[in-house]
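# Architecture at a glance
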Amino acid sequence: MDGTMQKIGASVVCESLINEGVNVIFGHPGGAILPFYDALWHYPQIRHVLVRHEQAAAHAAEAYARLTGNVGVCVATSGPGATNLMTGLTAAKMDSTPIVAITGQVARPFMGTEAFQECDTCGMAAPVVKKTYLVMSPEEIAPTIREAFRVAKEGRPGPVLVDLPKDVQAESFLFEELEDAWHPSPPVVADAESVLEAARLINEAERPLLIAGRGVHVSGAWDELQEVAEHINAPVLNTLHGTSAFPRHHNLGYGMLGMHGMYWSNIATTEADLIVGVGMRFDDRVIGRPGTFGENAKIIHMDIEPSQFHKNVKTEVALGGDVKATLGALLPLLDRNTHFDWLDRMRYLEHKHPSIDVPESDVVTPQYVLRELNKLVEHDTDPVVITGVGQHQMWAAQFLFMPTPNSFVSSGGLGVMGFEVPALIGAQVARPNSRVWGICGDGGFQMTLQELATIAQEHLPVKICIMNNGYLGMVRQWQELFYDHHYKSVSMSGPDYVKLAEAYGIPAVCVEDKHDVGMALATAARHPGPYLIDFRISPEENVYPMVPPGASLAQTVEDPRVVHYREPVHIIEGLVSYP
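Remember, it's a predicted structure, so these values are computed and weren't measured experimentally. (Residues numbered from 1 in each chain as written. Predicted model: local features only at pLDDT ≥ 70, side-chain atom pairs only at ≥ 80, totals over all residues. Heavy atoms only, no water.)

## Regarding the overall build of the chain
On a plain count of helices and strands, the chain comes out with 22 helices and 20 strands. Computed over the C-alpha atoms, the radius of gyration of the chain is 25 Å, within 12% of the 25 Å expected from 2.2 N^0.38 for a compact globule of 579 residues. Burial statistics for the chain: of 579 residues in total, 61% are counted as buried. Here the chain displays about 22500 Å² of accessible surface, and carbon together with sulfur accounts for 52% of that area. Between the centroid of the 41 positive side chains of the chain and the centroid of its 68 negative side chains there is a distance of 3 Å. (Helix = DSSP H or I, 4+ residues; strand = E, 2+ residues; numbered from the N terminus. Rg over C-alpha atoms; globule rule 2.2 N^0.38 Å. Buried < 20%, exposed > 50% of the residue type's maximum accessible area, 1.4 Å probe, protein only. Areas by Shrake-Rupley, 256 points an atom, 1.4 Å probe, with all protein chains shown as cover. Lys, Arg positive; Asp, Glu negative; His and termini not counted. Charge placed at Lys NZ, Arg CZ, Asp CG, Glu CD.)

Following this line, the structure appears as structure tokens:
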């Protein structure tokens, strides 16, 4: 576009989005955002995915952003449309996901009058986003959109909200040429003195441990993490969001730690003499009882956000900066090592305490379903797995060995039930050539099942696996273990999911026999469109390992059905036996 010309504000919103590289948005129209939707009609290069509820727009935008590395965009009208976005924006804030939310607002003369569908959207959103903007003149639109994208991506990523009064969208003005899109500055590396000190501690350590978090995905530091781990021969654990940050089949990959992490991973944190947190927050679900994490270890914390340092654990060295750049600066300073004794100890713990053995059962168990699904996932070229929140989420993180980086998306910090179905939409749009699997609980699925209509309308070939136990499973587990079996408001009915799917034109099958699990999964994988499987799993299955509330990682409880004391095996040369 050359020079200046008359344009309305809504058209400038569209052109600003295109200037930022946006080619898809997720939203739902309404009165106060109608000028934008009218302008959107003239910009077919922007794909609009019509969700059935605004919360789904935010979740879809989050999954899209996580899997592409771009800013996700969601749109809603004023009042209830904007309020419905808030859960998704809060989730994106806690899980460090860059989103720009655009909301309509009542016209300027009516603001503050309790007009129809009016609310203080910016005031409401301020605590749950990085920044809010109320645009009071059309001339402010282009610079505000540009600034919103910068804030969403810069530093620790997160959501930003732009509120547009209806008359600002509709007003015509003399518009000047758009500035170039915002481009990030070179990545910040932790200061050289801290990097040197971290290298010294790593070189001196006898039992080092690396923990990968979501920051590895955000910075794209998968190769650097693997190079460092292999150079010093150190075990690598992952947080929930760090799933797929390090190859799970790698001989140094030991899987998730924390409340439902692997037994051996949790015990390793109690025996390590050095723990390096790589792009993770040391949140409560990872560290167990405050003050007990890594009691025998010095801790190096690597993160883009300085406010995370010393928040939950005492840190010996804080490396503030981009994880990819900081690992790159650290690698040349590290000595090669073998750590044979330490790795032998890890393999012994893994062998002695089989955290992901599947319990013997004649009925369909979620562990069995996920083990069978893993046979498909780990041999796929570029699979993606989306989960909701609850027991199924933990089992998925335990049993699925993702073969490619950044391929596992879940709601972590806020823990949103109902995340799974909308996130499937954003994931399949983000990676149209990937096979996208959704692991759902029957409780969470019922919160956002209306988005099956969006899946059908958009012809998205997602594969939906419902772990149907007729309970709010994680709440029931806690009531069983910590509230003396006082089951209250956790048993829940549901529809016939096969008929429900078919009502939306989606083929489906119900699986009640474990011998049918593999065939159902293979059929779903082969089907060219969306497919739903209702797995009728054992109703009172519990997730193990488990760290009870108020306990330390050293007090991790194993599944009593699979704990058996194997004789030690020697996978590599090293220690001969352990007490």
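## Considerations on the packing of aromatic side chains
Enumeration according to the criterion identifies seven aromatic pairs in this entry. Taking the centre distance of 5.8 Å and the plane angle of 75° together, the rings of Phe173 and Phe175 count as edge-to-face. The two residues Phe173 and Phe175 agree in class, both being buried. Ring centres of Phe282 and Phe293 lie 5.6 Å apart, and the angle between their planes is 65°; this geometry places the pair in the edge-to-face category. Placement of the pair is Phe282 in the loop between strand S12 (274-278) and helix H12 (284-287) and Phe293 in the loop between H12 and strand S13 (298-303), with a sequence separation of eleven residues. A relative accessible area of 1% places Phe282 in the buried class. According to the relative accessible area criterion, Phe293 is buried, its value standing at 8%. (Phe/Tyr/Trp six-rings, centres within 6.5 Å; stacked < 30°, edge-to-face > 60°.)

## As for the sheet that holds strand S15 (residues 384-387)
Two pairing modes exist for strands in a sheet, parallel and antiparallel, and in both the strands are linked by backbone hydrogen bonds. Taken together, the six strands give an open sheet; going across it, the order is S16-S15-S17-S18-S20-S19, and neighbouring strands pair in parallel fashion. In this open sheet, the two edge strands, each paired with only one partner strand, are strand S16 (408-409) and strand S19 (508-511). (Pairing = 2+ DSSP bridges.)

## Some details on the environment of Met394
Tracing the sequence through the fold places Met394 in helix H16 (residues 391-399). Residues Met394 and Met256, spaced 138 residues apart in sequence, show a C-alpha to C-alpha distance of 9.5 Å. In contact with Met394, other than residues within four places in its own chain, are Leu240, Met256, His260, Met474 and Val543. (Contact = heavy atoms within 4.5 Å.)

## Describing the nonpolar core
One finds Phe26, Cys74, Leu89, Ile386, Phe445, Ile455 and Ile464 to be the most contacted residues of the largest nonpolar core, which totals 55 residues. Looking at which element gives the most residues to this core, the answer is helix H3 (residues 54-68), with eight residues. (Core = buried A, V, L, I, M, F, W, Y, C linked by side-chain atoms within 4.5 Å.)

## Describing the packing of helix H11 (residues 263-271) against helix H14 (residues 340-352)
Interaxial distance between H11 and H14 falls to 9 Å at its minimum, and their mutual angle equals 145°. Like other packed secondary-structure pairs, H11 and H14 cross with a definite hand, here right-handed. Seen from H11, the contacting residues are Trp264, Ile267, Ala268 and Glu271; seen from H14, they are Trp342, Arg345, Met346, Leu349 and Glu350. Here the residues of the contact of H11 with H14 are counted per class, giving six nonpolar, no polar and three charged. (Axes fitted to C-alpha atoms, helices over the stretch in contact; angles between N-to-C directions. Left-handed = near helix turned anticlockwise from the far one by under 90°. Nonpolar A, V, L, I, M, F, W, Y, C, P; charged D, E, K, R; others polar.)

## Comments concerning the sheet that holds strand S4 (residues 72-76)
Reading across from one edge, S3-S2-S4-S5-S7-S6 is the order of the six strands in this open sheet, with parallel pairing throughout. In this open sheet, the two edge strands, each paired with only one partner strand, are strand S3 (47-50) and strand S6 (131-134). Looking at each pair of strands side by side, their axes are set apart by 20° on average, direction ignored. Examined bridge by bridge, strand S5 (residues 99-105) and strand S7 (residues 159-165) share seven bridges and lie parallel to one another. Residue pairing for S7: Val100 is matched across the bridge by Val160. Against the sheet, H3 contacts strand S2 (24-27), S4 and S5, and its axis sits at roughly 170° relative to S4.

## Observations concerning a nonpolar patch on the surface
Taken together, Leu481, Phe482 and Tyr483 make up a surface patch of nonpolar side chains, about 280 Å² in accessible area. Relative to the assigned elements, Phe482 resides in helix H20 (residues 473-482). Of the residues examined, Phe482 reaches a relative accessible area of 33% and is grouped as partly exposed. (Patch = residues over 30% accessible without salt bridge, like charges linked within 9 Å, V, L, I, M, F, W, Y side chains within 5 Å. Salt bridge = Lys/Arg side-chain N within 4 Å of Asp/Glu carboxyl O.)

## Comments concerning the pairing of S3
Here S2 runs beside S3; their pairing, made up of four bridges, is parallel. By the bridge assignment for S3, Val24 is matched with Arg47. Running through helix H2 (residues 34-40), the crossover from S2 to the neighbouring parallel element S3 is right-handed. (Right-handed = clockwise from strand over helix to strand, strands pointing away.)

## Section: the confidence of the model for the chain
Per-residue pLDDT for the chain has a mean of 94; in total, 97% of the residues score no lower than 70. In the model, residues 565-579 has pLDDT below 50 throughout and makes 26 contacts with residues more than four positions away in sequence or in other chains. (pLDDT = per-residue confidence, 0-100.)

## A word on helix H4 (residues 80-94)
Residues lying three or four places apart along an α-helix face the same way, a consequence of the helix completing one turn every 3.6 residues. A rise of 1.5 Å per residue sets the reference length of H4, with its 15 residues, at 21 Å; its end C-alpha atoms lie 22 Å apart and thus fit the reference within 8%. Three or more residues of H4 are buried, namely Gly81, Ala82, Leu85, Met86, Gly88, Leu89, Thr90, Ala91 and Ala92. Trailing H4 by a residue or two, Ser96 shows a phi angle of about 55°, which is positive. (Expected span 1.5 Å × (residues − 1).)

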